[in-house]
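# Results of the structural survey
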Amino acid sequence: MSNPKPDISVNFAGIHSPNPFWLASAPPTNSGEQVMRAFDAGWGGAVWKTIGAQVTNVSSRYSSIDWSGQRMMGFNNIELISDRPLEDNLHEITEVKKRYPKHAVVASLMVESKREAWHTIVQQAEDAGADGLELNFGCPHGMSERGMGSAVGQVPEYAEMITAWVKEKAKTPVIVKLTPNISDIRAVAHAVKRGGADALSAINTINSITGIDLGTLIPSPNVGGKSSHGGYCGPAVKPIALNMVHQVMSDPDAALPISGIGGIATWRDAAEFFLLGAGTVQVCTAAMHYGYRIVEDMIDGLKNWMAEKHFDTVEDFRGLTIPKITEWKHLDLNYKIVAHIDEQKCIGCDLCYTACWDGAHQCIHLDRVSGPIDGHVELHRKPAEVEAMSKAIIAVTPIPKLDPPKALQEPYATPLARIPRVDETECVGCNLCSLVCPVEDCITMIEVKTGLPSESWEERTAATLTGKGH
Amino acid sequence: MRKITPQVAEIVERFPDLHPPFAAQAAVVESNRCLNCFDAPCTAACPTHIDVPRFIKKIATGNLRGSALSILDANVLGASCSRVCPVQVLCEGACVMHRYNKQPIAIGRLQRFAMDAFYASDGVLPRKNAEERPQKIACLGAGPASLAAAAELRQRGYQVTVFDKHPLPGGLNTYGVAEYKLPLPDSLREIKLIEDLGVRFRFGVEIGRELSIDEIESQFDVIFLGIGLGVMHTLDIPGGNHPGVIDALQFIADYKTGRTTGIHGKAVVIGAGNTAIDAANAAMRLGAKSVTLLYRRTLGHMSAFDFEYEHAKLEGVTFHWLAQPVAVHANEDALSSIECMRMEIAADGSLHSVADSNFHIDCNIVIPAIGQSPLLDLLAQCSEVRLVNGRVAVDRATGQTSNPKYYAGGDCVNGGREVVDAVADGKRVGIAIARSLEATHV
């Protein structure tokens, strides 16, 4: 079979996979039957639902945050590790590897913090045929109360120690899954790197309480009238995950091959993780929401984007964005942009106007009809005055016969009076208006040449300190 | 007030909701689609300036009581307006979504959703001032304009009495709106809220007959004229007074009150306004074999809204342009046909009849919908209330007439517009009267 470009197969810390899309250790990888169907759907790898001492789960287990009519913007669970017998899981890992030798099967492990226990589970997983091991140091609920999961991942010394124990035994690559429920994720990354970890995965779920039923006053998920804090994931957590992946990958003492996790639902999300250095990505919530089939567009979309960008492999673009994220003190203070409103595209919702007045710098005005006045706030009609004028108008139902339509002299589809105007002398280029504008490319931020050389805050203050500044 | 009589089953069946209500989740999805514009064009377009994004976003958050109260604060007939307003030329017509290449927000249906929830939870209208005030206001006519003025004043503690010659309140809202838009009991249910505020109603009272205008003037501090318009113009042609000729408003009131539950044979409607369309559609639904609408001019001159015309076509109404009725013919007692002549429009726009062009249309019922006359006799009794072209002349902002004791609003001022226009007038006047009473008596 030919291997057409782009080639999205990956070698992640020695684990080979036909593509970088893995299912995260979670309900979608709870059994061999599921993992095989997932591979049939196109997933390149699967991190098995965490195995260890068998647990009992509660019902219910999940809750979510809906936003603006959309379901599951954020997702939360209080499910523990696998509640199936260890032998069944091991047997099924063997079966899956036999039938799908080219796919990546990673065993996620969690046992009590004893060297022998870790040695035993490592042996069992590798004997079953796992291609790699992922140490679950991140699960934030339930297991942590028993001294496992994030109870380990929050203490660098424990994490380092257990990683070292595992490395004493393991023949396959060892991935450590990091918890975000810590002040600086790099502290644990440093520790497990010292402990000998081959790779990292991040992030695990974030401690959360998703909500409270305002009728019963019971939080969700409701387990017989009570709830427990859970682990938050889904699209809402992606920005947090991206930042943490970047923190790790931009720190030489922490950086290792990393499998990106957190709110990934599309190829676009995945590409962003790769650009920040991830070698694979792991998906859970989106697969729980829509099923395994979502991987088809993840593969297809990534390949099409790579072809368009002339990237032949994931390695060609992996990490390219890491250096573009710096500390604030290195940003150019003399770079200036201002908002520009496209009158042809503006629909007259005036959300940019209210956003700029209440949430930014009072430099968008509704004065195209009365004539522009650039400059300070005091010169302009304020939002309440604009609204009061509209409410004072006596409006009537237009009747075709009685009210012939006035000949419109308006240059644009939207009445000029409703197309806001940006006072560029006052605009600070904050982006807010372009973010609230519902119309694509209607408000764009345009660079204004300041004629000044690039100068960061660090440079400016250094210059002042050495007396070279003015 | 009287018990609200249930509708006749046959009418309910023939006139189901034209725009069915939203299911709860669909309402939330739709309300989330609203962009929440600043100084929203929908609000500006509404004659009563309902704060549309505000009530819509309250639906999205599940604050249905707050949603309904924000509607009622601007428009006390928010429930009927949500169903009878020509939203295509008002709020929904102004929606910025049109320029976004998307359907406008279904504002009318969302407003109905909030109002239905309000009724389902036995909501009551709030007072705007807890104090009782002694001044008495008479509202003549119990249509939308008077109801709005009465509610606005009563909510501020004034003593308000509404007079109407009909046995039921609501004016055209009760007797004249197509039943598939607003069923009669729903109009009465809405007015019940105003009565519950403490507004007194006196029905079956015709001013100038049972009660003189002088008596009213002596008993009340302020008089609001919300009398609407009078009877419809009659068909002034041979045979025009045949019992088979029934004017559109009477025809509509008859079926809405259950006096007519079905018609037989072919119907002809004369006129091209919204009332003509309502009558034609009703005739179809009541079982007419065919309904033909005659108009002496053409489609382009029609005063009905475009969407009403489109709707009538879907109902099966046939339109016959450039036809001027000249006689109604009867066969013994039954109507047999209407005789028309063809018209033509000259290059200068003037209308002329075509010689020897008479033709007959078979029909068993003729429904003229050719406008209403003003209530000149009644208005003549109101001393020093100046009229212009048969309409009461008012100060637009306050509704005050040339006689400072009299205020006016609704159809008797604007010549016949929408329910929402009457409500807006009544509300403005109510506020203006309250202001003037406060200023003079404090």
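Residues numbered from 1 in each chain as written. Chains lettered and ligands numbered in written order. Predicted model: local features only at pLDDT ≥ 70, side-chain atom pairs only at ≥ 80, totals over all residues.

For the rest of this paragraph, the subject is the overall build of chain B. The secondary structure content of chain B amounts to 18 helices and 15 strands. The globule rule puts the C-alpha radius of gyration for 442 residues at 22 Å, and the 23 Å found for chain B is close to it. Dimensions of chain B along its principal axes, counting C-alpha atoms only, are 70 × 55 × 50 Å. Within the span of chain B, comprising 442 residues, buried residues form 50% of the whole. (Helix = DSSP H or I, 4+ residues; strand = E, 2+ residues; numbered from the N terminus. Rg over C-alpha atoms; globule rule 2.2 N^0.38 Å. Buried ≥ 20, exposed ≤ 12 C-beta atoms within 10 Å, placed from the backbone.)

Let us look at the domain arrangement of chain B. Residues and elements named next belong to chain B. Each assigned domain of chain B is listed with its residue range as follows: domain 1 (16-120), domain 2 (136-230 + 373-440) and domain 3 (248-368). Here domain 2 and domain 3 have C-alpha centroids that lie 32 Å from each other. Split into classes, the residues belonging to the side of domain 2 that touches domain 3 amount to three nonpolar, one polar and one charged. (Domains from an automatic or database assignment. Nonpolar A, V, L, I, M, F, W, Y, C, P; charged D, E, K, R; others polar.)

Here we take up the interface of chain B and chain A. How big an interface is tends to be stated in terms of accessible area lost as the parts join. On the chain A side, the residues contacting the 26 residues of chain B number 28 residues. When residues of the side of chain B that touches chain A are traced back to their parent elements, those giving at least two are α2 (24-33), α3 (41-45) and α18 (419-441) of chain B. Its residues placed into classes, the side of chain B that touches chain A shows 16 nonpolar, four polar and six charged. (Contact = placed C-beta atoms within 7 Å.)

A few words now on the sheet that holds strand β2 (residues 159-163) of chain B. All names here are of chain B. Strand order in the open sheet formed by five strands is β3-β2-β1-β4-β15, and the pairing between neighbours is parallel. For this open sheet the edge positions go to β3 (200-202) and β15 (406-408), each flanked by a neighbour on one side alone. Averaged over all pairs of adjacent strands, the angle between their axes in this sheet comes to 20 degrees, without regard to strand direction. Relative to strand β4 (residues 222-225), strand β1 (residues 136-140) runs parallel, the two being bridged by four bridges. Its bridge partner being in β4, L140 is matched across the sheet by L225. (Pairing = 2+ DSSP bridges. Axes fitted to C-alpha atoms, helices over the stretch in contact; angles between N-to-C directions.)

Residue and element names in this part refer to chain B. Along the chain, E13 turns up in helix α1 (residues 9-14). What makes E13 exposed here is the crowd of 11 C-beta atoms within 10 Å. Sequence separation of E13 and R285 is 272 residues, and the distance between their C-alpha atoms is 9.6 Å.

Attention now goes to the sheet that holds strand β6 (residues 62-67) of chain A. Strand pairing in a sheet relies on backbone hydrogen bonds. The paired strands run either parallel or antiparallel. Residue and element names in this part refer to chain A. Read from one edge of the open sheet, four strands run β6-β7-β15-β12, paired in antiparallel fashion. Across the chains shown, the open sheet's two edge strands, defined by having one partner strand only, are β6 and β12 (206-208). Averaged over all adjacent pairs, the angle separating strand axes in this sheet is 45 degrees, with direction ignored.

Our focus in this paragraph is helix α5 (residues 64-74) of chain B. Every α-helix winds through 3.6 residues per turn, so residues three or four apart in the chain are directed the same way. Those residues of α5(B) not exposed but buried are B:L64, B:S67, B:A68, B:S70, B:I71, B:L72 and B:A74. Packed against the buried residues of α5(B) are α4 (52-60), α6 (78-84) and α8 (107-120) of chain B.

The next subject is helix α2 (residues 86-99) of chain A. Given a rise of 1.5 Å per residue, 14 residues ought to cover 20 Å, and the 20 Å separating the end C-alpha atoms of α2(A) matches this to within 8%. Buried residues along α2(A) sit against α1 (32-41), β5 (51-52), β8 (104-110) and α3 (115-128) of chain A. (Expected span 1.5 Å × (residues − 1).)

Moving on, we get to the packing of α2(B) against α4(B). Residue and element names in this part refer to chain B. Axis separation between α2 and α4 bottoms out at 8 Å; the angle between their running directions is 135 degrees. Accordingly, the angle class assigned to the pair α2 and α4 is oblique. As α2 runs across α4, the sense of the crossing is left-handed. Of the residues in α4, those touching α2 at A27, V28, S31 and N32 are I56, K57, I59 and A60. Its residues assigned to classes, the contact of α2 with α4 comprises five nonpolar, two polar and one charged. (Parallel < 35°, antiparallel > 145°, perpendicular 65-115°, else oblique. Left-handed = near helix turned anticlockwise from the far one by under 90°.)

It is worth spelling out the pairing of strand β5 (residues 266-270) of chain B at this point. Residues and elements named next belong to chain B. The buried fraction of β5 is high, at five of five residues. The side-chain alternation of β5 yields two buried faces, one formed by K266, V268 and I270 and the other by A267 and V269. Following the chain from β5 across helix α14 (residues 274-285) to the adjacent parallel strand β6 (residues 290-294), one finds a crossover that is right-handed. As paired strands, β5 and strand β12 (residues 365-368) are joined by four bridges and run parallel to one another. (Right-handed = clockwise from strand over helix to strand, strands pointing away.)

Turning to the nonpolar core, a few remarks are in order. All names here are of chain B. Core analysis: the largest hydrophobic core is formed by 162 residues, its most contacted members being F224, V269, A279, A280, A283 and I367. Of all the elements, α18 adds the most residues to this core, at eight residues. Setting aside chain neighbours within four positions, we find I367 in contact with I246, A248, F251, A267, V269, A279 and A283. (Core = buried A, V, L, I, M, F, W, Y, C linked by C-beta atoms within 7 Å.)

Here we take up unusual backbone geometry. For the bond from A:A202 to A:I203, the omega torsion is 10 degrees, close enough to zero to count as cis. Of note, A:I203 is situated in the loop between β11 (199-202) and β12. Between A:S220 and the following residue, A:P221, the backbone shows a cis peptide bond with an omega angle of 0 degrees. Looking at the element boundaries, A:P221 is found in the loop between β14 (219-220) and β15 (230-233). Phi at B:D122 takes a positive value of approximately 55 degrees, unusual for a residue other than glycine. For B:D122, the position within the fold is in the loop between α8 and β1.

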